[in-house]
Amino acid sequence: MCFSEMFNLNVTATKNETAFCLAGPNWSFSLILYVVIIACALLTIGSFMLAFVLQRHIHTLLNTYVMNLTVANFVYAVLQCPPDIVNHL
């Protein structure tokens, strides 16, 4: 839908001007796959974090290191991936 059609404006374009059209989001297959992968990553990371918090006997040194990496990955997925999705629309 063009901008002029959206707001019922009478806009005439000259020879050197082009009409300004607002296009909707372009959901391609790769973008949908990206959203699905992010959702699955957040689900698996969240379940690992929940298991780590609830099960005190798995608090070993190696698992604490893995938990640190998991929290960093979770923060990346929450803060960085949504702007990437919006950028690809």
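Residues numbered from 1 in each chain as written. Predicted model: local features only at pLDDT ≥ 70, side-chain atom pairs only at ≥ 80, totals over all residues. Heavy atoms only, no water.

**Q** Would you mind showing me how to read the environment of Val75 here?
**A** Summarising the element assignment, Val75 is placed in helix α3 (residues 61–79). A residue is classified by how much of its surface remains accessible, and Val75, at 40% relative accessible area, is partly exposed. Between the C-alpha atom of Val75 and that of Leu42, which follows or precedes it by 33 residues, the distance is 9.7 Å. (Helix = DSSP H or I, 4+ residues; strand = E, 2+ residues; numbered from the N terminus. Buried < 20%, exposed > 50% of the residue type's maximum accessible area, 1.4 Å probe, protein only.)

**Q** What am I meant to see in α3 here?
**A** Because each turn of an α-helix spans 3.6 residues, side chains separated by three or four positions end up pointing in the same direction. Taking 1.5 Å of rise per residue, the 19 residues of α3 would be expected to cover 27 Å, and the 27 Å separating its terminal C-alpha atoms lies within 8% of that figure. Within α3, burial applies to Met67, Thr70 and Ala77. Viewed end-on, α3 has its buried residues packed into an arc of 85°, placing them on one side of the element. Facing away from the buried side of α3 by more than 90 degrees, the exposed set consists of Leu61 and Leu79. (Expected span 1.5 Å × (residues − 1). Arc of directions from axis to C-beta.)

**Q** Whenever I open this one, a nonpolar patch on the surface confuses me. Can you help?
**A** Together, Trp27, Ile32, Val35, Val36, Val86 and Leu89 line one region of the surface with nonpolar side chains, adding up to about 520 Å² of accessible area. Of all the elements, helix α2 (residues 29–54) adds the most residues to the nonpolar patch, at 3 residues. Locating Val86 in the fold gives a position in helix α4 (residues 81–88). A relative accessible area of 59% places Val86 in the exposed class. (Patch = residues over 30% accessible without salt bridge, like charges linked within 9 Å, V, L, I, M, F, W, Y side chains within 5 Å. Areas by Shrake-Rupley, 256 points an atom, 1.4 Å probe, with all protein chains shown as cover. Salt bridge = Lys/Arg side-chain N within 4 Å of Asp/Glu carboxyl O.)

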